[in-house]
Structures are given as C-alpha cells and as structure tokens.
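Overview (structure and organization)
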Amino acid sequence: MIDIVNQINATHREIGNQALATGAGRSLLLRRVYDAPIEDVWSACTDPQRLSRWLGPIEGDLRPGGTFQLKDNAGGDILRCEKPHLIKVTWVFGEGMPTEVVVRLAPGDSDHTVFELEHTSPAEIVDELVRTYGPGGTIGIGGGWDLALLGLDLILHRMTFDPASWQDTPDAKEFATRSCHAWAAAIQAAWGTSDDDIAAAIAFAVQHFAPETSGER
C-alpha cells in the first residue's frame, strides 16, 4: 500500500518561466526530499538498469553529447551530466515540441537528498495550447512526473513493481487524481485561471489517468 496523502504532500509543485536555449519558456518544477544518500539517488537516475525499474527501459549513447530513447516515451539529447548533481536533456515525444528536462540533486540532512526536476517547454506553444484547450495538458504533464517521482521513491525503498502497468493500480490512480488537483492549485496561483476553467482542466487530466474516476476531490 502507498501512503498517498503523504506522498502527495512530499512534493512542492511550481509553475514558472524558465528560459530555453531557443527563447522564453514555461516550466513545471517538482521538488522533494528522498530518504537516500545522493550517490544512491544519482545511481537510480543514471544507471540504465535502475532507470528501467521506475521510468522505463532506456537505450542510447548515455553520455554528454549522446542521445537517449525511453521505450514508449520521450527521447532526446544529453546536454549535461555532472555527477552527482545535475542532468540536463532535451525531451521530445516523437515529432512533438522540443522541451528540456533538468534534474538537480543536493545533499540533505542525515543522508537525505534534495531532488528537483524542472521541465520547460517553449512559452509561445504552451500559451497557445492553454488559450485554445485550457491548462489540462499542463496538469497532465505534472501528473505524469509526479507518478515517476513516486516510482523513484518506491525503488529507493527497495520496492518492486512493473512501470509499464503499475499506473493502472487503484493506488496509482488515486495518487494521480490527487496530483491533478495539486497541479491545478499551482496553476491557479501562477496564472490566475478561473475556478470554472480549472475544474474543466482537472476533469480532463483525471480522465487520462483514471477514466472511471470523477474529477471531484
């Protein structure tokens, strides 16, 4: 069983305006503390065998200047890899818009590790998508990363699961539903989205993760 409430509350979520190499960007930031030393967290984020246990199978030339491809997920270029503190990659789904992901690690108290993940997309594209369809897609991206970071916590505590199917479990669906509401609050704080618009966006995102679940919380 997953302690869903504590796992949701373990993460700080923030919408920001991080720049890309190509210009202005809109970013999602997730920050949490893992009960594991920085070397262990770094290994879980960079060793292909351990990555496959929480994020999915990965292939490529895994070094700065190389490329990567996650099975049924994103691929891109490895821009920076500075052990044990920083990983920066481009992150693209197929022919989708180019985005960037940065992971930052810092040692915390008592062999804990402060983990940050920032996912940045071109501002012009994000703004147009939000104007046209609302922020449901942004909530969905945040929810996807929340599930990934939950998976990382589980493997750091030596739990095993199938990353290809565990998101269909009741616990994962409940966690994702609560994550959608948490991201909606972050979006309203940053963008001032109306209550009606954010409710529609939550319902849209929740239907992706848990189709049979109501968006109400």
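The coordinates are above.
What you see is a predicted model; the values in this text were computed from it and never measured.

Quick look at the overall build of the protein chain
Helix and strand counts for the protein chain come out as 7 helices and 8 strands. In terms of C-alpha radius of gyration, the protein chain reaches 17 Å, essentially the compact-globule figure of 17 Å for 217 residues. If you line up the protein chain on its principal axes, its C-alpha atoms span 45 × 45 × 35 Å. Sorting the 217 residues of the protein chain into buried and exposed places 45% on the buried side. Carbon together with sulfur atoms contributes 52% to the accessible area of the protein chain, which is approximately 10900 Å² in total. Here the protein chain holds 17 positive side-chain charges and 31 negative ones, and the gap between their average locations is 4 Å.

What to know about the packing of aromatic side chains
The description of an aromatic ring pair rests on the distance of the ring centres and on the angle between the ring planes. In the structure shown here, the tally under the stated rule is 5 aromatic pairs. Each ring, one from Phe68 and one from Trp91, has its centre 5.9 Å from the other, and the planes form 35°; the classification is tilted. In this pair, Phe68 sits in strand β4 (residues 67-70) while Trp91 sits in strand β6 (residues 86-91), placing the two residues 23 residues apart along the sequence. Considered together, Phe68 and Trp91 belong to a single accessibility category, that of buried residues. The rings of Phe68, Trp91, Phe93 and Trp145 are connected pair by pair, giving a single aromatic cluster.

A word on the nonpolar core
Core analysis: the largest hydrophobic core is formed by 53 residues, its most contacted members being Phe115, Ile139 and Leu152. With 10 residues, the top contributor of residues to this core is helix α5 (residues 136-156).

Digging into the layout of surface pockets
Here the largest pocket defines a volume of roughly 970 Å³. As for the largest pocket, its lining consists of 36 residues, and the residues nearest its centre are Asn73, Phe93, Gly144, Gln167 and His208. Taken together, the elements giving at least two residues each to the lining of the largest pocket come down to β8 (113-122), α5, α6 (170-191) and α7 (195-209). The biggest single contributor to the lining of the largest pocket is α5, with 8 residues. Each residue belonging to the lining of the largest pocket can be placed in one class, and the counts come to 18 nonpolar, 13 polar and 5 charged. Along the walls of the second largest pocket sit 21 residues, with Cys45, Leu51, Ile58, Ile87 and Val89 positioned nearest its centre. Within the residue set of the lining of the second largest pocket, elements represented by two or more residues are α2 (38-46), α3 (48-54), β4, β5 (75-82), β6, β7 (99-107), β8 and α5. Here the lining of the second largest pocket gets 3 residues from one element, more than from any other, and that element is β6.

Rules of the game
- Residues numbered from 1 in each chain as written.
- Predicted model: local features only at pLDDT ≥ 70, side-chain atom pairs only at ≥ 80, totals over all residues.
- Heavy atoms only, no water.
- Helix = DSSP H or I, 4+ residues; strand = E, 2+ residues; numbered from the N terminus.
- Rg over C-alpha atoms; globule rule 2.2 N^0.38 Å.
- Buried < 20%, exposed > 50% of the residue type's maximum accessible area, 1.4 Å probe, protein only.
- Areas by Shrake-Rupley, 256 points an atom, 1.4 Å probe, with all protein chains shown as cover.
- Lys, Arg positive; Asp, Glu negative; His and termini not counted.
- Charge placed at Lys NZ, Arg CZ, Asp CG, Glu CD.
- Phe/Tyr/Trp six-rings, centres within 6.5 Å; stacked < 30°, edge-to-face > 60°.
- Core = buried A, V, L, I, M, F, W, Y, C linked by side-chain atoms within 4.5 Å.
- 1 Å grid on protein atoms, 1.4 Å probe; cavity = no way out; pocket = protein on both sides within 12 Å on 5 of 7 lines; lining within 4 Å.
- Points joined across faces, edges and corners; volume = space filled by probe spheres on them.
- Nonpolar A, V, L, I, M, F, W, Y, C, P; charged D, E, K, R; others polar.

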